[in-house]
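What follows is the residue order along each chain.
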Amino acid sequence: MKHSFLTKGKILLFLTLFFITGCDVNATQPSSTTSSPKKKEQIKQIKQIKQMERKERLLAKAKVSAQQYDYQKAITLLKKSSILKDEDIQNAIGTYEKQRKHLVTWSDNSKIPHLFFHSLIVDLSKAFDGDDMAQGYQDYMVTINEFKNILNQLYEKEYVLVSIQDIAKLNKNGKMVYQTIKLPPNKKPLVLSQDDVSYYEYMKNDGFAKNLTLDTNGNVTNTYINRKGKIVQGAYDLVPIVDHFVDKHPDFSYKGAKGIIALTGYNGVLGYRTSESDYGPNSDKPNPNIKKDLLQAKKVAVAMKQEGWKFASHTWGHLNAEKVSLDLFKKDTSKWEQEVEPIVGRTDTIIFAFGSDIGDWRQYSNSKYHYLKSQGFDYYANVDASKITWSQLGPHYFRQARINVDGLRMREALAGENEVLKHFFDVKRVFDSSRPKAITLFH
């Protein structure tokens, strides 16, 4: 999240000048009554204040990197400083070098879990109002309160967010190899993702955020229309909620990692109707603001990436990758690259819709894989909630199974039909009592 260090610095500087000059705002201007020694002292004090502000910003930035286990980044940042010999800088370097020695290498990169969510429900009365969408929301979504409780419990259980690229990467020869993840002995890596972050048309007036946008400080937030019809901004979905949580608990993130946002394209992205084929001037529902929406969506995507978020293809049309023909798959991928990639940038990750896959448990070798690989996809994700972790290190790719955290999975947990979620959080403490029939599930 962005901070107003510069603004605060300017205020501090003005107040300092204000009092130094005897509360005369014009005293900084040359005058015959101002002695040269006094002016020199003022300039000296101003320089000292500016240097102090620079040092505080530097130490704060290095501290966050250290808290997120990137000690090398913190140390390098401080050593490159023009005030390297400063006592506080030297003490910080010494502290981080000692703390770095206490990290241990995660023992098995094949055993890193991956949890995923859909859009979060803000207003349960709208989502669960008995219409033809209510059951789907019950099955596949979680509420904001449920998600916040899950985050707290994940943190309590010592999980740390990592990116899928932290697990494995292609080496210079194009071979996929595991990477070294160093954490304190009690910490455990975890990948997080969210599907369908397009705020689809069908979700309108059903108690969900309208889009992801930027606030006046350039931070990623949501637009939401409340019960009174008022447009408000705030943390009404997963991305800003996680951002705020990591701001409060930097040690929940490994080197700044947040999560993967899996996008389709047919309704646009991030809450903006950006699809040329669905909303362009020649479509059935032209969006007169499509150019403005494209620009805004791109600004949001850039800000999200700066905050540690990564994007993945969820196929343009939310296709079942296992069932569709290769020809249709190619057309769909081309459409994603034409309409989504210009907004979010290139991605090396595909998260299959419907929890499908392009192969069984054996290593990929079919035509769909070879096509996707030729399009730059190195990371693949399906769904498997039968176990805590499953992954596959292929010669040139990495594949990981995800666990769906939703109403279906939580109801199974409460009924004793699946225990996978208990490794991450206590479903009884999380499950929202305002859900329809929630009371009966506890009896």
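Calculation criteria
- Residues numbered from 1 in each chain as written.
- Predicted model: local features only at pLDDT ≥ 70, side-chain atom pairs only at ≥ 80, totals over all residues.
- Heavy atoms only, no water.
- Helix = DSSP H or I, 4+ residues; strand = E, 2+ residues; numbered from the N terminus.
- Buried < 20%, exposed > 50% of the residue type's maximum accessible area, 1.4 Å probe, protein only.
- Contact = heavy atoms within 4.5 Å.
- Areas by Shrake-Rupley, 256 points an atom, 1.4 Å probe, with all protein chains shown as cover.
- Lys, Arg positive; Asp, Glu negative; His and termini not counted.
- Charge placed at Lys NZ, Arg CZ, Asp CG, Glu CD.
- Pairing = 2+ DSSP bridges.
- Salt bridge = Lys/Arg side-chain N within 4 Å of Asp/Glu carboxyl O.
- Phe/Tyr/Trp six-rings, centres within 6.5 Å; stacked < 30°, edge-to-face > 60°.
- Lys NZ or Arg CZ within 6 Å of the ring centre and 35° of its normal.
- Axes fitted to C-alpha atoms, helices over the stretch in contact; angles between N-to-C directions.
- Core = buried A, V, L, I, M, F, W, Y, C linked by side-chain atoms within 4.5 Å.
- Expected span 1.5 Å × (residues − 1).
- Arc of directions from axis to C-beta.
- Left-handed = near helix turned anticlockwise from the far one by under 90°.
- Nonpolar A, V, L, I, M, F, W, Y, C, P; charged D, E, K, R; others polar.

(A) Representation of the overall build of the protein. Along its length, the protein carries 17 helices and 16 strands. Taking all 443 residues of the protein together, the buried fraction comes to 50%. When contacts within the protein are restricted to residue pairs at least 6 apart in sequence, long-range pairs at least 24 apart make up 68% of them. Surface accessibility of the protein: about 22,200 Å² in total, with carbon and sulfur atoms responsible for 52%. Across the protein, the centroid of the 65 positively charged side chains sits 8 Å from that of the 50 negatively charged ones.

(B) Representation of the pairing of strand β11 (residues 260-263). Of the two faces of β11, the one lined by Ile260 and Ala262 and the one lined by Ile261 and Leu263 are each fully buried. One ladder, built from three bridges, connects strand β7 (residues 188-195) with β11; its direction is parallel. In the strand pairing of β11, Gln194 is matched with Ile261. Pairing of β11 with strand β12 (residues 310-313), which is carried by four bridges, proceeds in the parallel orientation. Looking across to β12, one finds that Ile261 is bridged to Phe311.

(C) Here's a closer look at the pattern of salt bridges. On inspection of all chains with the given rule, the structure shows 22 salt bridges. Across the pair Glu158 and Lys187 runs a salt bridge whose closest N-O atoms are separated by 2.8 Å. Note that Glu158 is positioned in the loop between α7 (144-156) and β3 (159-161) and Lys187 in the loop between β6 (182-183) and β7, a separation of 29 residues in sequence. Since its relative accessible area comes to 25%, Glu158 is described here as partly exposed.

(D) Focus on the packing of aromatic side chains. Under the criterion given, the structure shown has 19 aromatic pairs. On the numbers, 6.3 Å between centres and 45 degrees between planes, the contact of Tyr71 with Tyr96 is tilted. Note that Tyr71 is positioned in helix α3 (residues 71-79) and Tyr96 in helix α4 (residues 87-100), a separation of 25 residues in sequence. Relative to Tyr380, the ring of Tyr364 has its centre 5.2 Å away and its plane inclined at 75 degrees; by these criteria the two rings are edge-to-face. Of this pair, Tyr364 sits in the loop between β13 (349-351) and α14 (367-374) while Tyr380 sits in strand β14 (residues 379-383), and the two are 16 residues apart along the sequence. The residues Tyr364 and Tyr380 share a single accessibility class, namely buried. One residue, Arg362, lies across the ring of Trp361, its end atom 5.7 Å from the ring centre. Seen from the ring of Phe116, Arg402 lies directly overhead, with NZ or CZ sitting 3.7 Å from the centre.

(E) Region of the structure containing the sheet that holds strand β10 (residues 231-234). Pairing is antiparallel in the open sheet, where three strands are placed in the order β8-β9-β10. Sheet topology places β8 (211-214) and β10 at the edges, where each strand pairs with a single neighbour. Taking each pair of neighbouring strands and ignoring which way they run, the sheet shows an average axis angle of 40 degrees. Where β8 meets strand β9 (residues 220-225), four bridges bridge the pair, whose relative direction is antiparallel.

(F) Spotlight on the nonpolar core. Judged by nonpolar contacts, the single largest core of 54 residues is most densely connected at Leu270 and Met304. The next biggest cluster of nonpolar side chains, apart from the first, holds 32 residues, and it includes Ala62, Leu103, Val160 and Ile164.

(G) Molecular detail of helix α11 (residues 290-306). Over its 17 residues, α11 extends 24 Å from the first C-alpha to the last, a length consistent with the 24 Å expected when each residue adds 1.5 Å. Among the residues of α11, Ile290, Asp293, Ala297, Val300, Ala301, Ala303 and Met304 are the ones counted as buried. Down the axis, α11 shows its buried residues gathered within 165 degrees of arc, on one side only. Opposite the packed face of α11, turned more than 90 degrees from it, sit the exposed residues Lys291, Lys292, Leu295 and Gln306. Residue Gly308 follows α11 closely and has a positive phi angle near 100 degrees.

(H) Structural context of the packing of α7 against helix α9 (residues 238-248). For the pair α7 and α9, the least separation of the axes is 11 Å and the interaxial angle reads 35 degrees. Between α7 and α9 lies a crossing of right-handed hand. Of the residues in α9, those in contact with Ile144, Phe147, Lys148, Leu151, Asn152 and Tyr155 of α7 are Leu238, Ile241, Val242 and Phe245. Residue composition of the contact of α7 with α9, grouped by class: eight nonpolar, one polar and one charged.

(I) A look at the side chain of Asn320. Within the fold, Asn320 resides in the loop between β12 and α12 (326-339). Once residues lying within four places of it in the same chain are set aside, the contact partners of Asn320 are Phe354 and Ser356.

(J) The arrangement of α12 in detail. Its 14 residues place the ends of α12 20 Å apart at the C-alpha level, agreeing with the 20 Å of an ideal helix rising 1.5 Å per residue. Listing the buried residues of α12 in full gives Phe329, Asp332, Thr333, Trp336 and Glu339. The buried residues of α12 occupy an angular sector of 145 degrees when projected down its axis, which confines them to one face. Exposed and facing more than 90 degrees away from the buried side of α12 are Lys331 and Gln338. As for α12, its buried residues are in contact with β11, α10 (276-279), β12, α13 (341-344), β13 and α14.

Just distances and angles here, no functional claims.
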